Amino acid sequence: MISILLRRFFLISLVGLFSPVAQSELSIEITKGTEAAVPLAVVPFGYSGSTTRSPVNLSSIISADLTRSGLFKALRERDMLAKPTTANKVNFRNWQALGQDYLIVGSVNEVMGQYQIQFQMLDVFKGEGLLGYRLTVKKNELRKTAHHISDLVYEKLTGKKSDFSSRIAYITTTKAGVNKRKLYKLLIADADGFNPRAIASSWEPLMSPSWSPDGNKIVYVSFENKRSAIYIQKLSDGKRTKIASYKGINGAPSFSPDGSKLALTLSKDGSPDIFVLNLKNKQLLKLTKSYAIDTEPSWSPDGRSIVYTSNRGGKPQLYIIPSQGGRSSRLTFDGDYNARGQFSSDGKSIVMVHANRGDYRIAIMDVATHTLNVLTAGRYDESPSFSANADMVLYSSKKAGRSVLSAVSADGRMHQSFTFDSGNVREPSWSH
Amino acid sequence: MKINKLALTLIASTVVLTGCTSTDEKDASLLDTDLKAEQEALITSGLNNNAVSGEQFITQGLSQSELNANAMNGLTSLGAEFSDPANPLSKQTIYFKHDSSQVQQDFISIIAAHAQYLAANRGQRVILEGHTDELGSREYNIALGEQRAKSVFSILRSQGVTGQQVEVVSYGEEKPASEGVGEASWQLNRRVEITYQVQ
């Protein structure tokens, strides 16, 4: 198990080598919590080593991760009666009195630049251990390790896969240079907003970033040559490949679930249509042939269908078509505007921009029943992106005239807002 | 050599941007020593795989106002009619209703004037830039902006302008004419700009 963990950390640290720029960071604030959250305490980890304090505060990262999921409520440090760092020092009655269900204790030991971490998760009422790990990492892997501990805790307690080690991509615009020109940047960051870095920047628009299924590449649209083109960029070395630069629109790229194909929008034949590009043999399959706007393709998790936006009925609505070609059928009938659909990883729901009379909100449709659940308050919400386990939706909204990122739990109960120092932040995309 | 110089300009400007929110010269130079190597990595990671595209990234990345200035310089040599407010050729922006690509009656005569000019000046090229307001999803707006530009193009073509003279580009909601939130800004943003190319 540990060797698997270490191998994973090694891979992560390779990616970490190319973290070029200290960007201004996002900070996340929970604007509306849920009452059903499970109470747990992550006690500050003990530390011994050559510095006075641990270079990374693991317990605070784990607390923040678990709280952000909306399913847990971490006890504040100042409300703790004792701060044990090993299971045998825990007085369970203290924690029962504080109403905590679970307790996480641990320590970090630095020896010659190697950090030995051990932690245990305990059931407060049964007074027994549920989970325990010991692992050794390097300094620059400590933060990743904290997210990984959050993953282990979350998966143990919920039985579901977690998102704490995932990353987000997004576009920012800021006014730059002496002329205060608009500078577009494509950034990626950890799911908690930490470690943001620009992977491309341009004075012309950058748009529609989307992850490859393996999380190693980003596909996006760039207008750097004064017309649109689609690029795939590797995160490990920054190398990029121009995928499409036809006459007209080259837009809305989206990787197939197996990573072998790209769905995209091209208008080279006239009106914007949905195409599927085979990335190996470069074969291009034209899926839709309407005279209307067809755009924003997104794959079903089994790769068999593609959901897309079309205004062939007069207003934008979501349609679905087999990814090998075939007949389209209309999916949405509620509201006068439904666009930018994206499937959840289990294929059971589709998140979209849903509007009535100019009030744009994020909604989730149950695929089986076609029931629509509106999650956000509007009125300028756009670009929804599911997290890998589909528990959360990241989207962009407007706050005081600026584009900001927000997140909402898929049940609509928990809301978070991401604050960024300056400029506009938009088009978030969550790695899967 | 040129590329190097351009790359340096980019380094200098990104240092100001990425290091902190301040644009203070002193801050920028302080950061420069710490981050210079990293900044170079940024350019590599973004744009270095193709030097030509790197150069175009800078040279073609002119802002709209600079482009307009260039276009105006070109126009000055074309003729006084383009700067005479009484002449329809001085109007180069066509406005649209929300989520519509239909040209409104008021603008037909303006497009017709440009059509007449272009039909008489076969060497003259224009770019039709389609734009939208910020409402709704971004890629849909790219498509809508293109439909708007194509509506203007079809009127030009019906009056004798050739396909070789016209290029259509849509920026959707990415380059608003007015940055504000609200109908007053949005109606300025739902537009097609007829941009004359310098010879």
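Residues numbered from 1 in each chain as written. Chains lettered and ligands numbered in written order. Predicted model: local features only at pLDDT ≥ 70, side-chain atom pairs only at ≥ 80, totals over all residues.

1. What to know about the overall build of chain B
Inference 1: Broken down by element type, chain B carries seven helices and four strands.
Inference 2: Starting at the N terminus and walking to the C terminus, you meet the elements of chain B as α-α-α-α-β-α-β-α-β-α-β.
Inference 3: Sequence separation of 24 or more characterises 69% of the internal contacts of chain B that already satisfy a separation of 6 or more. (Helix = DSSP H or I, 4+ residues; strand = E, 2+ residues; numbered from the N terminus. Contact = placed C-beta atoms within 7 Å.)

2. Quick word on helix α4 (residues 142-158) of chain A
Side chains that are three or four residues apart share a direction in an α-helix, a result of its 3.6 residues per turn.
Inference 1: The terminal C-alpha atoms of α4(A), which comprises 17 residues, lie 24 Å apart, in line with the 24 Å expected from a rise of 1.5 Å per residue.
Inference 2: The buried fraction of α4(A) is high, at twelve of 17 residues. (Expected span 1.5 Å × (residues − 1). Buried ≥ 20, exposed ≤ 12 C-beta atoms within 10 Å, placed from the backbone.)

3. Considering the domain arrangement of chain A
Residue and element names in this part refer to chain A.
Inference 1: As far as domains go, chain A holds domain 1 (33-158) and domain 2 (167-430).
Inference 2: For domain 1 versus domain 2, the distance between C-alpha centres works out to 36 Å.
Inference 3: Counting residues at the interface gives eight residues for domain 1 and seven residues for domain 2.
Inference 4: Broken down by class, the residue content of the side of domain 1 that touches domain 2 amounts to one nonpolar, four polar and three charged. (Domains from an automatic or database assignment. Nonpolar A, V, L, I, M, F, W, Y, C, P; charged D, E, K, R; others polar.)

4. Quick word on unusual backbone geometry
Peptide bonds are, in most cases, trans, and in most cases residues other than glycine have a negative phi.
Residue and element names in this part refer to chain A.
Inference 1: The residue after G378, namely R379, is reached through a cis peptide bond having omega 0°.
Inference 2: By the secondary structure assignment, R379 is in the loop between β26 (372-374) and β27 (382-386).
Inference 3: In this model, S208 sits at a positive phi of 55°, which is unusual for a non-glycine residue.
Inference 4: Tracing the backbone shows S208 in strand β11 (residues 206-211).
Inference 5: Judged by local crowding, S208 falls into the buried class, with 27 C-beta atoms found within 10 Å.
Inference 6: Despite not being glycine, H370 has its phi angle at roughly 65°, a positive value.
Inference 7: H370 sits in the exposed class, given 12 other C-beta atoms within 10 Å.

5. Re the pairing of strand β19 (residues 294-299) of chain A
All names here are of chain A.
Inference 1: Among the six residues that make up β19, six are buried, leaving the element largely enclosed by the rest of the structure.
Inference 2: Here β19 pairs with strand β20 (residues 305-310) via four bridges, running antiparallel. Paired with D294 across the strands is S310, a residue of β20.
Inference 3: Between β19 and β20, which pair antiparallel in sequence order, lie five residues; one of them, G303, sits at a positive phi of approximately 75°. (Pairing = 2+ DSSP bridges.)

6. With respect to the sheet that holds strand β2 (residues 126-131) of chain B
Residue and element names in this part refer to chain B.
Inference 1: Spatial ordering of the open sheet is given by β1-β4-β2-β3, a layout of four strands whose pairing is mixed. In this open sheet, the two strands that pair with only one neighbour each are β1 (93-95) and β3 (166-172). Ignoring which end each strand starts from, the neighbouring axes of this sheet average 20° apart.
Inference 2: Where helix α6 (residues 138-158) meets the sheet, it contacts β1, β2, β3 and β4 (191-196), and its direction lies at approximately 155° from that of β3. (Axes fitted to C-alpha atoms, helices over the stretch in contact; angles between N-to-C directions.)

7. Topic: the environment of A:T158
Inference 1: By the secondary structure assignment, A:T158 is in helix α4.
Inference 2: Between the C-alpha atoms of A:T158 and A:S387, which are 229 residues apart in sequence, the distance is 16 Å.

8. Describing the packing of helix α2 (residues 58-68) of chain A against α4(A)
Residue and element names in this part refer to chain A.
Inference 1: Their axes nearest at 9 Å, the elements α2 and α4 cross at an angle of 45°. On the basis of the axis angle, α2 is oblique to α4. Relative to α4, α2 is oriented so that their crossing is right-handed. Where α2 approaches α4, its residues L58, I61, I62, D65 and L66 are matched on the opposing element by L142, R143, A146, H147, I149, S150, V153 and Y154.
Inference 2: Across the contact of α2 with α4, the residue classes tally to nine nonpolar, two polar and two charged. (Parallel < 35°, antiparallel > 145°, perpendicular 65-115°, else oblique. Left-handed = near helix turned anticlockwise from the far one by under 90°.)

9. Things to note about the pairing of strand β24 (residues 349-356) of chain A
All names here are of chain A.
Inference 1: Taken across its eight residues, β24 has seven buried, putting it largely inside the fold.
Inference 2: Direction of pairing for strand β23 (residues 337-343) relative to β24: antiparallel, over a ladder of five bridges. Looking at the pairing, Y337 lines up with A355 of β24.
Inference 3: With antiparallel pairing between neighbouring strands as the criterion, β23 and β24 make up a hairpin whose turn holds five residues, including G347 at a positive phi of roughly 75°.
Inference 4: As judged from the eight bridges shared by β24 and strand β25 (residues 359-366), these two strands associate in the antiparallel manner. Note that in β25 the partner of M352 across the bridge is A363.
Inference 5: Here β24 folds back onto β25 in antiparallel fashion, the turn holding two residues, of which R357 has a positive phi close to 45°.

10. Some details on the packing of helix α5 (residues 105-120) of chain B against α6(B)
When two helices pack together, their arrangement is given by the angle between their axes and by how far apart the axes lie.
Residues and elements named next belong to chain B.
Inference 1: Two elements in contact, α5 and α6, have axes separated by 9 Å at closest approach and are oriented at 55°. Compared by their axis directions, α5 and α6 come out oblique. Of the two possible hands of crossing, α5 and α6 adopt the one that is right-handed. Here I108, I111, H114, A115 and L118 of α5 lie close against α6, whose contacting residues are V152, I155 and L156.
Inference 2: Partitioned by chemical class, the residues of the contact of α5 with α6 number seven nonpolar, one polar and no charged.

11. Section: the nonpolar core
Inference 1: With 114 residues, the main nonpolar core has A:L40, A:L103, A:I104, A:L186, A:L264 and A:V393 as its most contacted residues.
Inference 2: Ranked by residue count, the leading element in this core is α4(A), at six residues.
Inference 3: Setting aside residues up to four positions removed in sequence, A:L186 forms contacts with A:A169, A:I171, A:A198, A:I199, A:A200, A:L206, A:P209 and A:Y220.
Inference 4: With 18 residues, the next largest nonpolar core counts B:L89, B:I94, B:L118 and B:V126 among its residues. (Core = buried A, V, L, I, M, F, W, Y, C linked by C-beta atoms within 7 Å.)

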